[in-house]
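# Architecture and fold: a report
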Number of protein chains: 2
Amino acid sequence: MAKIALAIHGGAGTILKSQMTTALEAEYRSGLDTALRIGWQILERGGSSLDAVEATVCSLEDFPLFNAGRGSVFTHEGKQEMDACIMDGHNLKAGAVAFVKNIKNPVSLARLVMQRTEHVLLAGEGANQFAEQIGVHTEPDEYFFTEHRWLQLQEAMAEGRVQLDHAVAKPIGTVGAVACDINGHLAAATSTGGMTNKKFGRIGDTPLVGLGNYADDTCAVSCTGHGEYFMLGVTAYDVAARMKYKGLSLEDAARETIAHLTKINGEGGLIAVDTAGNITLPFNSDGMYRGYVTVIGQINVEIYGS
Amino acid sequence: MAKIALAIHGGAGTILKSQMTTALEAEYRSGLDTALRIGWQILERGGSSLDAVEATVCSLEDFPLFNAGRGSVFTHEGKQEMDACIMDGHNLKAGAVAFVKNIKNPVSLARLVMQRTEHVLLAGEGANQFAEQIGVHTEPDEYFFTEHRWLQLQEAMAEGRVQLDHAVAKPIGTVGAVACDINGHLAAATSTGGMTNKKFGRIGDTPLVGLGNYADDTCAVSCTGHGEYFMLGVTAYDVAARMKYKGLSLEDAARETIAHLTKINGEGGLIAVDTAGNITLPFNSDGMYRGYVTVIGQINVEIYGS
């Protein structure tokens, strides 16, 4: 029996204690805590890492403060377009969706792409047509509407900014989970509502295998931050490559990958787990909403940098 | 001064001499030859690898027999949707577009995404809006119509097949180019019309950095084949990772990457070049339309396997 392990993130960026209220911080912590408990329960009962990361990310998608699912930011056109990816390290299979609309849990749709199609990535209206065909849970626009996101769009448009979610005073980003189950199998899932005021059908790293999300039988990785740099750094897979080809530990590999990200001016972080149940959560931004469960089942939630 | 180098491909798959006519083979060879001459001329005059791969891929896109640009296959809806990616290894910058319509040269639009936006990948209508805004060359539907592609769609629909281009009797696939310029700088470009009868907004490996196309200061790689497996194998970046982290030569790294692709049931091939001007063109399919130029400027074009 392997050592089960679970780690999550709720976005990285300029997260400063000085800009946070006690009540808001408590809300964030509660969202992270709830998600960790859901995933951990699955792993403790002998469930798969794939089931655990899906359920954990669903919980984070349902929580309105994170930029994924329900709390997604608005595009330039005032729409909410969501991206997600899930990867099963044991079978090296993956599914992903890009800019889908009205899907309650994009990560679950990504899993259905993996399980019911021969494809890895479906995008736009086509992905929504697939969702409709298989009867995936949708919600009306009102479900996804949150006032703080709408205000963020109005501000961004007034200032002419295309902004990453972390570039604002109250940063909330991508969500993700990585897990190792009782059989030592790994999985990773990542989900996002993208960038406020984004235009031109921009796709970031989140739905892209090896860039924002990756799992094989070496490690599972979920990234968050300025997506374009994670794409150029092939960040998620780079952790696995440094472990496989350089023989590095999970922690050393992830540290080197983040150092490379820093070198190419990328900002953000990642969470990763290996088959021994080791966990690492490095980032180069001011903070990252994150959490993990220790071997004895103790939940740890952190927000700020050191 | 570095040794300049250029390699191209026009797709990999079940390409058998027994199924080819002399006239058709001559046509393919001429398309590859023309593209190589265009890119080589740029490199010989001291032009950048980025200019060389763009011009080379434009030539392949304009050639109606290859599945990219003008010769793109039809989707289930009878449309032609094209993907492309270009990457500048020296600056580690990239631009890409997914399922754009009516763009004469998707690879040039990808370069404009790299140069004029803060993004890496634009998709769908949004990408077309960007193209319109900057005045990119478009062509009407008739320009892209080729009878053999239309017949392929009718056959595929009659048989209920979602088919990769290489899965048919007359295979024609993705196109790509990799180059090393006089300054030892590398670049890679890849372009495709996707899969015949594809549905649901499927995106393959071609427009995705590190998966179907990659360049840094180690090597430049362009892939062709069954895209989903190239995505799961993070194939293009994997060559660079094996060179950087295992210290392998370009040829050994590419051979190992293709061996891994074979292990995960992926079919296809890649072309790659390093800063010393070495070239490799491995594939595990029956054939791959391919070509390269030797140091003394001799053009070599090949189609079948050994």
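This is a predicted model, so every value here is computed, not measured.

Cut-offs used in this document
- Residues numbered from 1 in each chain as written.
- Chains lettered and ligands numbered in written order.
- Predicted model: local features only at pLDDT ≥ 70, side-chain atom pairs only at ≥ 80, totals over all residues.
- Heavy atoms only, no water.
- Helix = DSSP H or I, 4+ residues; strand = E, 2+ residues; numbered from the N terminus.
- Rg over C-alpha atoms; globule rule 2.2 N^0.38 Å.
- Buried < 20%, exposed > 50% of the residue type's maximum accessible area, 1.4 Å probe, protein only.
- Areas by Shrake-Rupley, 256 points an atom, 1.4 Å probe, with all protein chains shown as cover.
- Lys, Arg positive; Asp, Glu negative; His and termini not counted.
- Charge placed at Lys NZ, Arg CZ, Asp CG, Glu CD.
- Pairing = 2+ DSSP bridges.
- Contact = heavy atoms within 4.5 Å.
- Axes fitted to C-alpha atoms, helices over the stretch in contact; angles between N-to-C directions.
- Expected span 1.5 Å × (residues − 1).
- Least-squares fit on C-alpha atoms with pLDDT ≥ 70 in both.
- Phe/Tyr/Trp six-rings, centres within 6.5 Å; stacked < 30°, edge-to-face > 60°.
- Core = buried A, V, L, I, M, F, W, Y, C linked by side-chain atoms within 4.5 Å.
- Buried area = accessible area lost by both parts, 1.4 Å probe.
- Salt bridge = Lys/Arg side-chain N within 4 Å of Asp/Glu carboxyl O.
- Polar contact = N/O pair within 3.5 Å; in protein donor to acceptor, adjacent residues only side chain to side chain.

On to the overall build of chain A, then. On a plain count of helices and strands, chain A comes out with nine helices and 13 strands. For 306 residues, the compact-globule estimate of 2.2 N^0.38 gives 19 Å, and chain A sits close to it at 17 Å. Viewed in the frame of its principal axes, chain A has a C-alpha envelope of about 50 × 45 × 35 Å. Counting all 306 residues of chain A, 64% fall into the buried class. Roughly 10,600 Å² of accessible area belongs to chain A as shown, and the carbon and sulfur atoms make up 48% of that amount. Charge centroids of chain A, computed over 24 positive and 35 negative side chains, lie 2 Å from each other.

With that settled, consider the sheet that holds strand 8 (residues 213-215) of chain A. All names here are of chain A. Ordered by their spatial adjacency, four strands build an open sheet running 8-9-10-11, and the pairing between neighbours is antiparallel. Pairing within the sheet leaves two strands with one partner each, and these edge strands are strand 8 and strand 11 (279-280). Bridging between strand 9 (residues 219-225) and strand 10 (residues 268-274) involves seven bridges; their strand directions are antiparallel. Counted as the bridge partner of Gly225 is Gly268 from strand 10. Across the sheet, helix 9 (residues 250-263) lies against strand 9, strand 10 and strand 11, angled at about 160° from strand 10, the strand it touches most.

With 12 residues, helix 8 (residues 235-246) of chain A ought to run about 16 Å at 1.5 Å a step, and its terminal C-alpha atoms sit 16 Å apart, in line with that. When you tally the buried positions in helix 8 of chain A, you get 10 out of 12 residues, the bulk of the element. Every buried residue of helix 8 of chain A is listed here: Thr235, Ala236, Tyr237, Asp238, Val239, Ala240, Ala241, Arg242, Met243 and Tyr245 of chain A. Contact partners of the buried residues in helix 8 of chain A: strand 8, strand 9, helix 7 (227-232), helix 9 and strand 10 of chain A together with helix 8 (235-246) of chain B. A positive phi of about 70° marks Gly247 of chain A, the residue just after helix 8 of chain A.

When chain B is fitted to chain A, the best match, at an RMSD of 0.0 Å, comes from turning it 180° and sliding it 0.0 Å along the axis. In symmetry terms, the pair is related by a two-fold rotation axis. Minimal C-alpha separation from the rotation axis in chain B is found for Tyr245 of chain B, amounting to 2.7 Å. The share of interface residues of chain B whose copies in chain A are also at the interface is 100%, consistent with both copies meeting through the same surface.

Per the stated rule, a full pass over the model turns up 21 aromatic pairs over all chains. Here a set of aromatic residues connected by ring pairs shows up, and it is made of Tyr28, Phe63, Phe66 and Tyr289 of chain A.

Looking now at the nonpolar core. Among the nonpolar cores identified, the biggest contains 101 residues, and Tyr214 and Tyr237 of chain A together with Tyr214 and Tyr237 of chain B are the most heavily contacted of them. Setting aside chain neighbours within four positions, we find Tyr237 of chain B in contact with Val234, Tyr237 and Asp238 of chain A together with Gly210, Tyr214, Lys244 and Tyr245 of chain B.

Residue and element names in this part refer to chain A. A rise of 1.5 Å per residue sets the reference length of helix 1 (residues 22-44), with its 23 residues, at 33 Å; its end C-alpha atoms lie 32 Å apart and thus fit the reference within 8%. If you check which residues of helix 1 are buried, you get Glu25, Tyr28, Gly31, Leu32, Ala35, Leu36, Gly39, Trp40 and Leu43. Along its buried surface, helix 1 packs onto strand 1 (5-13), helix 2 (49-62), strand 5 (175-180), strand 12 (287-293) and strand 13 (299-304).

Here the focus is the interface of chain B and chain A. Counting from both sides, the interface comprises 41 residues of chain B and, opposite them, 41 residues of chain A. Summing both partners gives a buried area of about 3,400 Å² for chain B against chain A, and 69% of it is carried by carbon and sulfur. Looking at the side of chain B facing chain A, the largest losses of area belong to Phe200, Leu232 and Tyr245 of chain B, adding up to 24% of the total buried there. Along the contact surface separating chain B from chain A lie zero salt bridges. Counting every contact that joins chain B to chain A gives 14 residue pairs in polar contact (both at pLDDT 80 or more). Among the secondary structure elements, those contributing two or more residues to the side of chain B that touches chain A are strand 3 (93-100), strand 4 (121-123), helix 4 (124-134), strand 7 (202-203), helix 7 (227-232) and helix 8 of chain B.

A few words on unusual backbone geometry. Residue and element names in this part refer to chain B. Of note in the backbone geometry, Asn102 takes a positive phi value of approximately 65° without being a glycine. Relative to the assigned elements, Asn102 resides in the loop between strand 3 and helix 3 (106-116). One non-glycine residue, Asn265, lies in the positive phi region at around 75°. By the element assignment, Asn265 lies in the loop between helix 9 (250-263) and strand 10 (268-274). Residue class for Asn265 comes out exposed when judged on its relative accessible area of 60%.

Quick look at the pattern of salt bridges now. Residues and elements named next belong to chain A. Evaluated as defined, the whole model comprises 28 salt bridges over all chains. For Lys17, the salt bridge goes to Glu25, with nearest N and O atoms at 3.4 Å. Judged by relative accessible area, which is 13%, Glu25 ranks as buried. A salt bridge links Glu251 to Arg255; the shortest N-O distance between them is 3.6 Å.

This paragraph deals with the sheet that holds strand 3 of chain B. Sheet architecture is open: nine strands sit in the order 7(A)-4(B)-3(B)-2(B)-6(B)-5(B)-1(B)-12(B)-13(B), paired in mixed fashion. Edge positions in the sheet fall to strand 7 (202-203) of chain A together with strand 13 (299-304) of chain B, since each of these pairs with one other strand and no more. Note: strand 12 (residues 287-293) of chain B against strand 13 of chain B, five bridges, orientation antiparallel. Its bridge partner lying in strand 13 of chain B, Gly287 of chain B is registered against Tyr304 of chain B. Taken strand by strand, helix 2 (residues 49-62) of chain B contacts strand 1 (5-13), strand 2 (82-88), strand 5 (175-180) and strand 6 (186-192) of chain B, and its axis lies near 160° from that of strand 5 of chain B. Against the sheet, helix 3 of chain B touches strand 2, strand 3, strand 4 and strand 6 of chain B, its axis set at about 130° to strand 3 of chain B.

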